Amino acid sequence: MNPLIKIEDLTFGYDNAPILEKINLEIFERDFVGIIGPNGGGKTTLLKILLGFLKPDSGSVSILGRSPDSVSKFIGYVPQYSEMDKQFPIKVKDVILMGLCESSSFSPRFSQKSYSKVYEVMELLKIRDLAEKKFGELSGGQKQRTLICRAIVSNPKMLFLDEPTASVDAAIEEDIYKILSDFNSDITILLVSHDVGFISNYVNRVACINRSLVIHPVNEISSEHALTHAYHENTSVIHHKCGL
Amino acid sequence: MDISAFFENYGFITNSIIAVVLSSIAAGITGTFVVVKKISYIGGGIAHAVMGGLGIAYFIGVNPIYGALVFSVFAAILIGYVKLKLKQNEDTMISALWAVGMATGIIFAYLTPGYNVNLLSFLFGNVLMISTENLWLLLILDLIIAAFVFVYYKQLIFITFDEEYAAVRGINVNLLTILLLIMVALTIVILVQTVGLILVIALLTLPSAIAGMFSNTLYKMILLSIALILLFSLSGLALAFSVNLPSGASIILMAGAGYILALAGKTIARSY
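Residues numbered from 1 in each chain as written. Chains lettered and ligands numbered in written order. Predicted model: local features only at pLDDT ≥ 70, side-chain atom pairs only at ≥ 80, totals over all residues. Heavy atoms only, no water.

Working definition: the strands of a sheet are paired by backbone hydrogen bonds and lie parallel or antiparallel to each other. Residue and element names in this part refer to chain A. Read across the sheet, six strands follow the order β5-β6-β7-β3-β8-β9 without closing on themselves; strand pairing throughout is mixed. Sheet topology places β5 (75-78) and β9 (212-217) at the edges, where each strand pairs with a single neighbour. Each adjacent strand pair in this sheet contributes to an overall mean axis angle of 15 degrees, direction not counted. Where strand β3 (residues 32-36) lies against strand β8 (residues 205-210), four bridges are found, and the strand directions are parallel. Residue pairing for β8: I35 is matched across the bridge by A207. Contacting β5 and β6 (158-162), helix α4 (residues 140-152) crosses the sheet at an angle of about 165 degrees to β5. Against the sheet, helix α5 (residues 170-183) engages β3, β6 and β7 (188-193), with an angle of about 155 degrees to β7. (Pairing = 2+ DSSP bridges. Helix = DSSP H or I, 4+ residues; strand = E, 2+ residues; numbered from the N terminus. Axes fitted to C-alpha atoms, helices over the stretch in contact; angles between N-to-C directions. Contact = heavy atoms within 4.5 Å.)

Structure (structure tokens):
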């Protein structure tokens, strides 16, 4: 089986300070990969390279056999909502409509078809009743669901998420992972997180990244430690095994 | 007094009201983007850089508004390039354009034989003296701005709200950002006529900031901004006429008073 995403000997740094060194990673169709590691370990940088925002210094990255910036329309991306402007005058449904925005659509309005698609994914994420609300007035969990809606409304082949459960409480965190694992039957998911938490219940592989990268099949984590263990103990186990 | 005699004597009133309406439309559209994208410092930089164009135009004896056009668009492109391509903090470049533009303008005005007092009207605006030629130019610039925002409305909201995701969706963020800055530049050229380059930034921020307090979509914010700017401009103009005050400064004081009132009203409403 050909990998969907293939990263070979990827190296990247800012001004000679290496952030990622000799990264190798293959992601296959319907994988659910958790990328974990400490802050500053290069998780977000790797995500930005996969999205085509940054170019690797050496090595290669291909998605669907092509360069990342030429396939971005097949990618759904969920950024961290905490970086978004709370004051911005925009309704929830309009945020999600952005997921259908094309560079060559020259009308100020979206089509009826776009709206029905938006309402469809809002039903799926159980936020249909928030459509007319201002995005900045939502709670953290509601914002996260809105951004997931925006990412999946265009039927992407893969979904990248940057810390989707940062600053939401444990119940919402588990909820979000459940939703994602439902999507996983059609969509390949790559999720960046600074903790293991509930991830190990849902992902099939974990990539530990701290300048270099080590892959663990999920059973390796679960066999070492029962999943009920606090995540601190989980992280320490993985750190130990990677030798990072 | 018959109509023609009225226009002969008071035609400047009609002209200034047309100028105020045209500039309100441009300022309402652009001001909304300046406020939500938080680029008022870029607006200030472009406005002051325009002084260089005005000075040189005076020196070589062409309509100063063309000098303003060239300099504002040049400044917008330069700031955009530094921001997007060089990925440098654009603050230093803005400050440099701000100061060098002003200095260039002052030097050329000084070198122009028979120092022209009209230069002062570009600093503080004098809508009562606007020429018919400049009114036509205002109309053309207005149409360009309105057409641009109408055609690229979705994409402009998108790059303003979430630049990164816009890029993922394949939208040409760099090109649209430069075009947005050029729109700011054109609007500044319009507003230099009415409130002057020093006061431009107040008219681009205060009314739209008020509109933002009461809007949940961008087009409502634009329409409300236009209405507010019309209100402040016409009431400012009335004040200027009735007690013989400078028009640009009167308009800005109205906008400032409106902003304080809105802020106070909002705070009081929230505490009850």
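We are not done yet, so read on.
On to the confidence of the model for chain B, then. Per-residue confidence for chain B averages 90 on the pLDDT scale, and 95% of its residues sit at or above 70. The element-level mean pLDDT for chain B is lowest in helix α5 (residues 118-124) of chain B, coming to 76, with helix α10 (residues 200-213) of chain B highest at 95. (pLDDT = per-residue confidence, 0-100.)

Moving on: the sheet that holds strand β2 (residues 17-27) of chain A. Residues and elements named next belong to chain A. The antiparallel open sheet is built from three strands, whose spatial order is β2-β1-β4. The open sheet terminates on both sides in strands that have one partner only, identified here as β2 and β4 (58-63). Geometrically, the sheet is characterised by an average inter-axis angle of 25 degrees between neighbouring strands, direction not taken into account. In this structure, strand β1 (residues 5-14) lies alongside β4, joined through five bridges in antiparallel fashion. By the bridge assignment for β4, T11 is matched with S58. Taken strand by strand, helix α1 (residues 43-50) contacts β1, β2 and β4, and its axis lies near 120 degrees from that of β1.

This next bit is on the interface of chain B and chain A. On the chain A side, the residues contacting the 27 residues of chain B number 36 residues. Both sides together, the interface formed by chain B and chain A hides about 2,800 Å², and carbon and sulfur atoms give 61% of it. Together, K154, F161 and R169 of chain B form the three largest contributors to the area buried by chain B at its contact with chain A, with a combined 30%. For the pair chain B and chain A, the number of links is four salt bridges. Between R169 of chain B and E102 of chain A there is a salt bridge, with the nearest N and O atoms lying 3.5 Å from each other. Here chain B and chain A share 15 residue pairs in polar contact (both at pLDDT 80 or more) between them. (Buried area = accessible area lost by both parts, 1.4 Å probe. Salt bridge = Lys/Arg side-chain N within 4 Å of Asp/Glu carboxyl O. Polar contact = N/O pair within 3.5 Å; in protein donor to acceptor, adjacent residues only side chain to side chain.)

The buried count for β3 of chain A comes to five of five residues, which makes it a mostly enclosed element. Taking every second residue as pointing to the same face, both faces of β3 of chain A are buried, with F32, G34 and I36 of chain A on one and V33 and I35 of chain A on the other. (Buried < 20%, exposed > 50% of the residue type's maximum accessible area, 1.4 Å probe, protein only.)

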